[in-house]
Protein chains: 4
Amino acid sequence: MIYPSDSLHEECGIFGIAAPPGANIDPALDTFLGLFALQHRGQEACGIAVNNAGVITCRKNNGLLMEVFNEKILESMPGDSAIGHVRYSTAGGGSVENAQPIAVSHIKGNLALAHNGNLVNAGELRREIELKGGIFHSTSDSEIIAYTIVKERLKSKSIEEAVQRTMHQIKGAYCLLAMSPRKMIAARDPNGFRPLSIGMLGENYIFASESCAIDAVGGKFLRDVEPGEIIIVENGNFTSMDSGLRSERSFCSFEFIYFARPDSIIEGISVEHARRKMGAALARESGVEADIVCAVPDSGLSAAAGYAEASGLPNVVGLIKNRYIGRTFIQPSQGQRELEVRMKLNPMSENIRGKRIVLIDDSVVRGTTSARIVSALREAGAKEVHLRSSAPPFRFPCYFGTDVPDQEKLIAVGRSEAEIATFLGANSVAFLRHETLYEILAADGCKSCTGCFSGDYPIELPKETDAHFAFKPIMYINNH
Amino acid sequence: MIYPSDSLHEECGIFGIAAPPGANIDPALDTFLGLFALQHRGQEACGIAVNNAGVITCRKNNGLLMEVFNEKILESMPGDSAIGHVRYSTAGGGSVENAQPIAVSHIKGNLALAHNGNLVNAGELRREIELKGGIFHSTSDSEIIAYTIVKERLKSKSIEEAVQRTMHQIKGAYCLLAMSPRKMIAARDPNGFRPLSIGMLGENYIFASESCAIDAVGGKFLRDVEPGEIIIVENGNFTSMDSGLRSERSFCSFEFIYFARPDSIIEGISVEHARRKMGAALARESGVEADIVCAVPDSGLSAAAGYAEASGLPNVVGLIKNRYIGRTFIQPSQGQRELEVRMKLNPMSENIRGKRIVLIDDSVVRGTTSARIVSALREAGAKEVHLRSSAPPFRFPCYFGTDVPDQEKLIAVGRSEAEIATFLGANSVAFLRHETLYEILAADGCKSCTGCFSGDYPIELPKETDAHFAFKPIMYINNH
Amino acid sequence: MIYPSDSLHEECGIFGIAAPPGANIDPALDTFLGLFALQHRGQEACGIAVNNAGVITCRKNNGLLMEVFNEKILESMPGDSAIGHVRYSTAGGGSVENAQPIAVSHIKGNLALAHNGNLVNAGELRREIELKGGIFHSTSDSEIIAYTIVKERLKSKSIEEAVQRTMHQIKGAYCLLAMSPRKMIAARDPNGFRPLSIGMLGENYIFASESCAIDAVGGKFLRDVEPGEIIIVENGNFTSMDSGLRSERSFCSFEFIYFARPDSIIEGISVEHARRKMGAALARESGVEADIVCAVPDSGLSAAAGYAEASGLPNVVGLIKNRYIGRTFIQPSQGQRELEVRMKLNPMSENIRGKRIVLIDDSVVRGTTSARIVSALREAGAKEVHLRSSAPPFRFPCYFGTDVPDQEKLIAVGRSEAEIATFLGANSVAFLRHETLYEILAADGCKSCTGCFSGDYPIELPKETDAHFAFKPIMYINNH
Amino acid sequence: MIYPSDSLHEECGIFGIAAPPGANIDPALDTFLGLFALQHRGQEACGIAVNNAGVITCRKNNGLLMEVFNEKILESMPGDSAIGHVRYSTAGGGSVENAQPIAVSHIKGNLALAHNGNLVNAGELRREIELKGGIFHSTSDSEIIAYTIVKERLKSKSIEEAVQRTMHQIKGAYCLLAMSPRKMIAARDPNGFRPLSIGMLGENYIFASESCAIDAVGGKFLRDVEPGEIIIVENGNFTSMDSGLRSERSFCSFEFIYFARPDSIIEGISVEHARRKMGAALARESGVEADIVCAVPDSGLSAAAGYAEASGLPNVVGLIKNRYIGRTFIQPSQGQRELEVRMKLNPMSENIRGKRIVLIDDSVVRGTTSARIVSALREAGAKEVHLRSSAPPFRFPCYFGTDVPDQEKLIAVGRSEAEIATFLGANSVAFLRHETLYEILAADGCKSCTGCFSGDYPIELPKETDAHFAFKPIMYINNH
């Protein structure tokens, strides 16, 4: 999926499969397939670590799965279990050294780790480790978590106890998969910010950021890892352990709006259905007289269907997306932003000429892409363009893994909907209210975090959240 | 766009832009962008030839545009005009030597040629050339056409006259772009089997297989090249010339069903609208009691919308397509065909559980992919699956550029719709009638060829259409 | 071998192996190994064509053998016989389209061709072909030869007769290997300008530009192909045929000076021994009082040994060559010529400090590299540097395959040895006399061409030797 | 240089250049050039780390310098100072994670480290670090050294004090280059096992494993870093510091025999001259009646010259080496060892036919390559082959960085010279005596380590030298 450059990105997808030693499975291939279904969660880097009787083989690099792996490589990675990771990088961290899983050796053996989320006390933890002589090869939270687990392992009877102790020290959003010579451990932060599902493939356990990855390997979805839960798979046996941490559930609402695949079931809710409800709510809250509803493909499709249904307006294809867009080498920074939109989206004049359009997008962040789309629709003959966003306006930072731009770049900071409409050249603009969003999800049993929209965060934030960026970064240039 | 392996492919897209010498344009970049919008017409190979004051620079290779070209390469190809080609290859012809454009030198200078279509008398023409000492570096029709143009050029006053004489010798389907040191020539066969549009970008003329490529470079669509028409652009001047060839228009109906992009206007008809009408016709002709309509993405989307509208049934997302599928290295030939479908499409259980589904696909050719999709929908809880194809059943070969499998592989040869339904595991199967298809297009003014469905071909076929495959092929292994 | 940029280059090496159908050999691997021993004859491009029961598979590209081929590729090219080519390109012709072998199909089947040499009437022949409608994909002589063979094949009973007729039309220097579905043909021009040896590997016949390639595959050297001789290998049988062309033997003397490998036997003469004799002759003709003899590695080594032996002076290592130099990406055109020499050669101060040196190089062409070497030796402490060249001074063009720079770039044009010494900063400079060179080779039975030194050419030259460069070249950009 | 597979390899070359901030130099390019002159010391991996005002950019990968770097990459690495590394890997450690320099961040900033040598107490140190919670990303000594420096940095006033404290803990052979935000530190173990030279380029200081690398950048050789010495370059100022460690100098004698380039000056001795003396000593100690002396190129060349001079026999080229051998893809493990030798070396029949040859090689380790060379010379007509090795027989392990095979693979373990001759098919075999080797170097002022020949090691070895290999290795598969 190619996201309009105006969109938000969250970080990472993870996948793991654990079989008893000697099981007749191909964990590298299964992890590849699972990650492939999670590729939308991160396109910058990827990696797979395989455990073969205690020896861990790890391959990772910048690039898509299809670029980093091939059949021959996967065949060269036999084993009993595997974990993998796809990564979206935030600005400045695009070094290959930050690719995951990370694989390290320590006094008790080897450890591979894949992590999705963002710690809010990473800087503080890093400083403590460094004050004891720790050295860092990367700028990722994962290396901090690995150090902490290893440090606690020295005082613990087991790796799971070390993970439990680690969870009492790290704060923020995290879903972890840790692979030791004999065990696979899955853990989720007590707020449950990010998704992590459990499935089975035959007798073997699977963990995946989204249930669509369980489908992709032909597995059966069991349930989500609970907030604060630790799961241990050893020798084919599944054990759940309580971290002892309690917090109010606050699942990221933006996962439902944009990041997850529509065919995933998260927190018991179909992502597709949640999006349709958002579209329907938009029709109720900010309906407008119009002729047709059009989605910005692909992320606005489900909400557009919901809007159309609720409003009774026809849902029409207004924009065609070029499916061959990859990481285009024609850099928008070279004054060709307009080119980028034109390469991705082409208006369907026949459908929109002379029409009053309700244009549904998943979100409007900076507004630059939206402005170009509105302008392209008008050139193609649209009479009116009313933009509706299924995400509430972004106004605040996210500390839990969503890459929200700085406030000065957010179109909704300091602007009314009418001012935004003027800015975008639209006849009207409306966003879903964050209270409505919360209610839609809560009605289906999911209490969510809407911090980036509302400014209300579910946990207390440390004073210096970015202290760990104070050091001068080592930059590794990758081999491309 | 990744086509289910069960689908048909036609061959090639072409694009050209011609400016007066010294015009301040970047023809290589424009051709890249135009071809990029035509990438769905061919993913195997691509190429661009640029004319810089008579010197032609040509780059081509197997691969997608994004793989064969980059910004640096495009910058190294300055010039006044350019032509380009994307290629889908039929079995056995996947050599890089068959990539286009072909660029040759002859007694009067240089010539670059891009061609979309299929000649029915290629073997005969090749034999004639070989009997006079001609040597062939490839197995493509384009080299035959180039030879013929060059041979006629010796007796002609101009390149356009040579093209005209050539058109009186070659038979079948062709859209040509020929670039000589001072001119660009576009030509289309007298039946107009394949599409070729004319546009303008500023003062410069554009030719493209589909109008969406004209949009992609920011150009204005003018009109189609007429069947049998020759167009000459020289020094910024546009001239139309009559080949003198007359034939009944017989545009490929399968272009409307599947191959063209929905946002293109072909023969004055919106592809999207034509597809909706096909879907509506299916509802009328073979409607069935059901709960929902689902498309096989992406090629069934427009027809599904038409069916839903006509039938009053809700149009629901039943299958999610993974957007990162490229040329996957996991080869279906390795007994993993099932894997391939699972990697591409995931059923949306929440939407289909317990439902009676009308499943709309653009076509059912071999039936293998359809069978897997039907089975996946059933596993995901569908109560009934009624498959409807907007293409009539394929029963005959195409001699004009569509890659129809051998008859023994075609599911509709020798099977009734009921037998096909049994074969696919569907509750019912129905195809659009070829007469209906013809009428839908004719009603909008386009007389079409339905030869592969009906067996009625618009022109007489030579006795040995494949005579030119009798020689032992030279195979070039490409450098990947 | 990395040649100082000041050196001359000749064009190409060829290799072929012919076995009866069904023979248990791996002709692609043998050709690879044979070409690998000939890599010094051309580093720009290479290719191998294999004949498998009439189907020819050809792979070629710009690059060294190790870059273009690997084990997997060679394994994918089974067959009965093969021909191969390594290519050094002259200015402007570095397109991949000019790589060899060329493989074409014609009315009688397929033909692959590898050619070493240079035709003097290529322009004329090309024009004739073009006047009959011929089209050219490259600017190489090989395509002209292929056309001519194919044209004559139409009137001949056999491919060998067509080759014979072709030899009566093409003029200049050529060694040919032609592979038809059932035969391999080797042919050499009547002057025998370039080398071509015959060997056997088991029951199979080998052809190679130099005997070292026969050694490299474990074969046995039989004899050279005679000037004007045509050899046919069919079904394991070897036949010699007389072209009927007679001319005075005039083997390229520069092959002995520089281009051939010292371990090759050419025209019955050991290259190493010929070089030693040149060195000894330099000592006799232009000896000088000195302390030591040093070679410019590697091409001056044999002559230096000969000089040392003849003069009684010690032969000492004065310059160390870096063995990892490949096609360095640090381009001398970027004002870093000095860098280039420094990367390649380092003076051995310990050996040369305070010494009067006789510095032996194979040739001094432009003088730029020599000047830098002299200067480096002086900086490293040399007291005197007396440069001796085993090649006579270059003063005239070569029409037979050696890439001699334009006269204005040749240091010896219009300068006395004393002036050259001043130019290079050497204490003295002397070249072998071209009469002496001729005598050295003639004494061992080889009459040679010294045209580039003396201006006396063994055959009459056409008026417009470069007529075939008059057309505007098509340039193909290669895929790197 | 391509080493016969029978040869020994030592590990690594290092290079560094330090300029004051703002100096107008290109440290990445200079380091590239310096490492290029050291490429013979390691061909498996390479890397460069550049310090740009405290920010370190590091690029490293498996491959030759020409493969890992290009002009564009070097240009993207501006800075004030740089260090680099070329690496030869011992069995099992060929992971890209072990490539150097390593670059880490710690509480005081960043640190890059390049290291040549081998610690004998690495296992012990690693265990200590791990017991305090340390995690390891690689299996290299360098990561252990980095950890130790960082740990000591916490208690030290300066990085140089931390290096000094580290030197009191690490044992074995090491030459270090450490780059902190403001300083470059060079250090050498108290025995001075491995070479490290100091040079100047303009006002800037250079460190290099061999003086030939100083020549390569146009610098001036100053002196060697003394055993136990620490050198600090800060802001253009050069300071020498005493580590306080004292030990008897024991420079690796095999550096002189084989590893160093002949144009380097090490420990005040010309490598070329030392090798000539070894050859002369062989003539004295084990001279034999013969006709000619031949070297195995390139490593036997200098000793052969010495033997020839001392014996009065002519020094003749007997084997020609193919200069295009790289890391050949034709794996000897595939039963083609013989092929490998044939691809590399071709006997010069003309020079050796009927001759009694003294064949000089730098060393005979396993004997497999030597056996093939002897056999090839006989096939080419040699009457007698007397093999002489300038290295004494290898009989013991090296703990200081030379990759000596296991004893069961060493031909000299448990065999007399006569038995070895029989094994190799030679008429006689003789090795230089290790006492003679020691004396040759001592006479020029260099006390050396001959442990691998004599079993006498200059420092006490820990009980379990390989304790650090006890953990299960994490393997990283590189991206090729």
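Owing to the predicted nature of the structure, the values given are computational and were not obtained by experimental measurement. (Residues numbered from 1 in each chain as written. Chains lettered and ligands numbered in written order. Predicted model: local features only at pLDDT ≥ 70, side-chain atom pairs only at ≥ 80, totals over all residues. Heavy atoms only, no water.)

## Here's the deal with the pattern of salt bridges
Residues and elements named next belong to chain A.
Line of reasoning, step 1. In the structure shown here, the tally under the stated rule is 119 salt bridges over all chains.
Line of reasoning, step 2. Between Glu 267 and Arg 249 there is a salt bridge whose closest N-O contact spans 2.3 Å. Linking Glu 267 in the loop between strand 16 (265-266) and strand 17 (269-270) with Arg 249 in the loop between strand 14 (237-242) and strand 15 (251-252), this pair joins segments that are 18 residues apart in sequence.
Line of reasoning, step 3. With relative accessibility at 28%, the residue Arg 249 sits in the partly exposed group.
Line of reasoning, step 4. Each of Lys 151, Glu 152, Lys 155, Lys 157, Glu 161 and Arg 165 takes part in one network of salt bridges that share partners. (Salt bridge = Lys/Arg side-chain N within 4 Å of Asp/Glu carboxyl O. Helix = DSSP H or I, 4+ residues; strand = E, 2+ residues; numbered from the N terminus. Buried < 20%, exposed > 50% of the residue type's maximum accessible area, 1.4 Å probe, protein only.)

## A closer look at the interface of chain A and chain D
Line of reasoning, step 1. Counting residues at the interface gives 43 residues for chain A and 43 residues for chain D.
Line of reasoning, step 2. In this structure, the connection of chain A to chain D is made through 0 salt bridges.
Line of reasoning, step 3. At the boundary of chain A with chain D, the tally comes to 7 residue pairs in polar contact (both at pLDDT 80 or more).
Line of reasoning, step 4. Listed by contribution, the elements that provide at least two residues to the side of chain A that touches chain D are strand 4 (55-62), strand 6 (102-106), helix 4 (122-131), helix 5 (141-153) and strand 26 (475-476) of chain A.
Line of reasoning, step 5. For the side of chain A that touches chain D, the element with the highest residue contribution is strand 4 of chain A, accounting for 7 residues.
Line of reasoning, step 6. The class makeup of the residues in the side of chain A that touches chain D is 22 nonpolar, 13 polar and 8 charged. (Contact = heavy atoms within 4.5 Å. Polar contact = N/O pair within 3.5 Å; in protein donor to acceptor, adjacent residues only side chain to side chain. Nonpolar A, V, L, I, M, F, W, Y, C, P; charged D, E, K, R; others polar.)

## Concerning the sheet that holds strand 18 (residues 292-295) of chain A
All names here are of chain A.
Line of reasoning, step 1. Across the sheet, 4 strands lie side by side as 18-21-22-24; this open sheet has parallel pairing. The open sheet is flanked by strand 18 and strand 24 (428-431), the only strands paired with a single partner. When the angles between neighbouring strand axes are averaged without regard to direction, this sheet yields 20°.
Line of reasoning, step 2. Summarising the sheet, strand 22 (residues 384-389) and strand 24 pair through 4 bridges and their orientation is parallel. Each residue of the ladder has a partner; that of Ser 389, found in strand 24, is Phe 431.
Line of reasoning, step 3. Each of strand 21 (356-361) and strand 22 is contacted by helix 13 (residues 368-379), which is oriented at about 150° to strand 22, the strand it contacts most. (Pairing = 2+ DSSP bridges. Axes fitted to C-alpha atoms, helices over the stretch in contact; angles between N-to-C directions.)

## Here we look at the relation of the copies chain A and chain D
Line of reasoning, step 1. Once chain A has been moved 0.0 Å along the axis and rotated by 180°, it coincides with chain D to within an RMSD of 0.1 Å. The superposition of one copy onto the other is thereby described by a two-fold rotation axis. Among all residues of chain A, the one whose C-alpha sits closest to the rotation axis is Gly 134 of chain A, at a distance of 3.4 Å.
Line of reasoning, step 2. Comparing contact sets, 100% of the residues at the interface of chain A also lie at the interface in chain D, consistent with an isologous, same-surface contact. (Least-squares fit on C-alpha atoms with pLDDT ≥ 70 in both.)

## Looking at helix 5 (residues 141-153) of chain C
Line of reasoning, step 1. Over its 13 residues, helix 5 of chain C extends 18 Å from the first C-alpha to the last, a length consistent with the 18 Å expected when each residue adds 1.5 Å.
Line of reasoning, step 2. In terms of burial, helix 5 of chain C is a largely internal element, 12 of the 13 residues being buried.
Line of reasoning, step 3. For helix 5 of chain C, the complete set of buried residues consists of Asp 141, Ser 142, Glu 143, Ile 144, Ile 145, Ala 146, Tyr 147, Thr 148, Ile 149, Val 150, Glu 152 and Arg 153 of chain C.
Line of reasoning, step 4. Lining the buried residues of helix 5 of chain C we find helix 5 (141-153) of chain B together with strand 6 (102-106), strand 7 (109-119), helix 4 (122-131), helix 6 (159-167) and strand 8 (172-179) of chain C. (Expected span 1.5 Å × (residues − 1).)

## Describing the environment of Leu 313 of chain B
Residues and elements named next belong to chain B.
Line of reasoning, step 1. Along the chain, Leu 313 turns up in the loop between helix 10 (301-311) and strand 19 (319-321).
Line of reasoning, step 2. The exposure class of Leu 313 is buried, given its relative accessible area of 17%.
Line of reasoning, step 3. Measuring from C-alpha to C-alpha, the distance between Leu 313 and His 106 comes to 62 Å, with 207 residues separating the pair along the chain.
Line of reasoning, step 4. Among residues more than four places away in sequence, those in contact with Leu 313 are Ala 290, Asp 291, Val 293, Tyr 307, Ala 308 and Val 358.

## Here's the deal with the arrangement of the chains
Line of reasoning, step 1. The least C-alpha distance between chain A and chain C, which are not in contact, is 13 Å.
Line of reasoning, step 2. Taking C-alpha atoms as the reference, chain B and chain D come no closer than 13 Å and do not contact one another.

## Points about the nonpolar core
Line of reasoning, step 1. Counting residues in hydrophobic clusters, the biggest one holds 60 residues, and the most contacted among them are Ile 149 of chain B together with Ile 149 of chain C.
Line of reasoning, step 2. Once you skip the residues sitting within four places of it in the chain, Ile 149 of chain B turns out to touch Leu 111, Leu 113, Ile 159, Ala 162, Val 163 and Thr 166 of chain B. (Core = buried A, V, L, I, M, F, W, Y, C linked by side-chain atoms within 4.5 Å.)

## Comments concerning the packing of helix 9 (residues 271-286) of chain D against helix 10 (residues 301-311) of chain D
All names here are of chain D.
Line of reasoning, step 1. Here helix 9 crosses helix 10 at 45°, and the two axes come no closer than 6 Å. On the basis of the axis angle, helix 9 is oblique to helix 10. For the pair helix 9 and helix 10, the sense of crossing is right-handed. Counting all contacts with helix 9, which are made through Glu 272, Arg 275, Arg 276, Gly 279, Ala 280, Leu 282, Ala 283 and Ser 286, the residues of helix 10 involved are Ser 302, Ala 303, Ala 305, Gly 306, Tyr 307, Glu 309, Ala 310 and Ser 311.
Line of reasoning, step 2. Its residues placed into classes, the contact of helix 9 with helix 10 shows 7 nonpolar, 5 polar and 4 charged. (Parallel < 35°, antiparallel > 145°, perpendicular 65-115°, else oblique. Left-handed = near helix turned anticlockwise from the far one by under 90°.)

## Overview of the pairing of strand 11 (residues 204-208) of chain B
Residues and elements named next belong to chain B.
Line of reasoning, step 1. Counting buried residues along strand 11, 5 of its 5 residues qualify, which places the element largely inside the surrounding structure.
Line of reasoning, step 2. Covered by surrounding structure in strand 11 are Asn 204, Ile 206 and Ala 208 together with Tyr 205 and Phe 207, the residues of both alternating faces.
Line of reasoning, step 3. In this structure, strand 2 (residues 13-18) lies alongside strand 11, joined through 4 bridges in antiparallel fashion. Following the sheet pairing, Phe 15 is matched in strand 11 by Ala 208.
Line of reasoning, step 4. Connecting strand 10 (residues 197-201) to the antiparallel partner strand 11 that follows it, the hairpin turn spans 2 residues, and Gly 202 within it adopts a positive phi of roughly 60°.

## Digging into the domain arrangement of chain A
Line of reasoning, step 1. Here chain A is partitioned into domain 1 (4-247) and domain 2 (273-454).
Line of reasoning, step 2. The straight-line distance from the C-alpha centre of domain 1 of chain A to that of domain 2 of chain A is 33 Å. (Domains from an automatic or database assignment.)

## Details of the packing of aromatic side chains
Line of reasoning, step 1. Per the counting criterion, the structure on display carries 52 aromatic pairs over all chains.
Line of reasoning, step 2. Ring geometry for Tyr 399 of chain A versus Tyr 457 of chain A: centroids 5.3 Å apart, planes at 70°, classification edge-to-face. Taken together, the residues span a long stretch of sequence, with Tyr 399 of chain A in the loop between strand 22 and strand 23 (402-403) and Tyr 457 of chain A in the loop between helix 16 (451-454) and strand 26 at a distance of 58 residues.
Line of reasoning, step 3. Seen in terms of ring centroids, Tyr 258 of chain D and Phe 259 of chain D are 6.1 Å apart; in terms of plane orientation they differ by 40°. Their pairing is tilted. Each member of the pair Tyr 258 of chain D and Phe 259 of chain D is classed as buried.
Line of reasoning, step 4. What links up through ring pairs into an aromatic cluster is the set Phe 254, Tyr 258, Phe 259, Phe 394 and Phe 453 of chain A. (Phe/Tyr/Trp six-rings, centres within 6.5 Å; stacked < 30°, edge-to-face > 60°.)

## A closer look at the environment of Glu 340 of chain D
Line of reasoning, step 1. Considering the arrangement of structural elements, one finds Glu 340 of chain D in helix 11 (residues 337-344).
Line of reasoning, step 2. Separated by 11 residues in the primary sequence, Glu 340 of chain D and Asn 351 of chain D have C-alpha atoms spaced 23 Å apart.

## Topic: the sheet that holds strand 22 (residues 384-389) of chain C
All names here are of chain C.
Line of reasoning, step 1. Ordered in space as 18-21-22-24, the 4 strands form an open sheet in which the pairing is parallel. Sheet topology places strand 18 (292-295) and strand 24 (428-431) at the edges, where each strand pairs with a single neighbour. Averaged over all pairs of adjacent strands, the angle between their axes in this sheet comes to 20°, without regard to strand direction.
Line of reasoning, step 2. Packing of helix 10 (residues 301-311) onto the sheet brings it into contact with strand 18, strand 21 (356-361) and strand 22, and relative to strand 18 it is tilted by some 165°.

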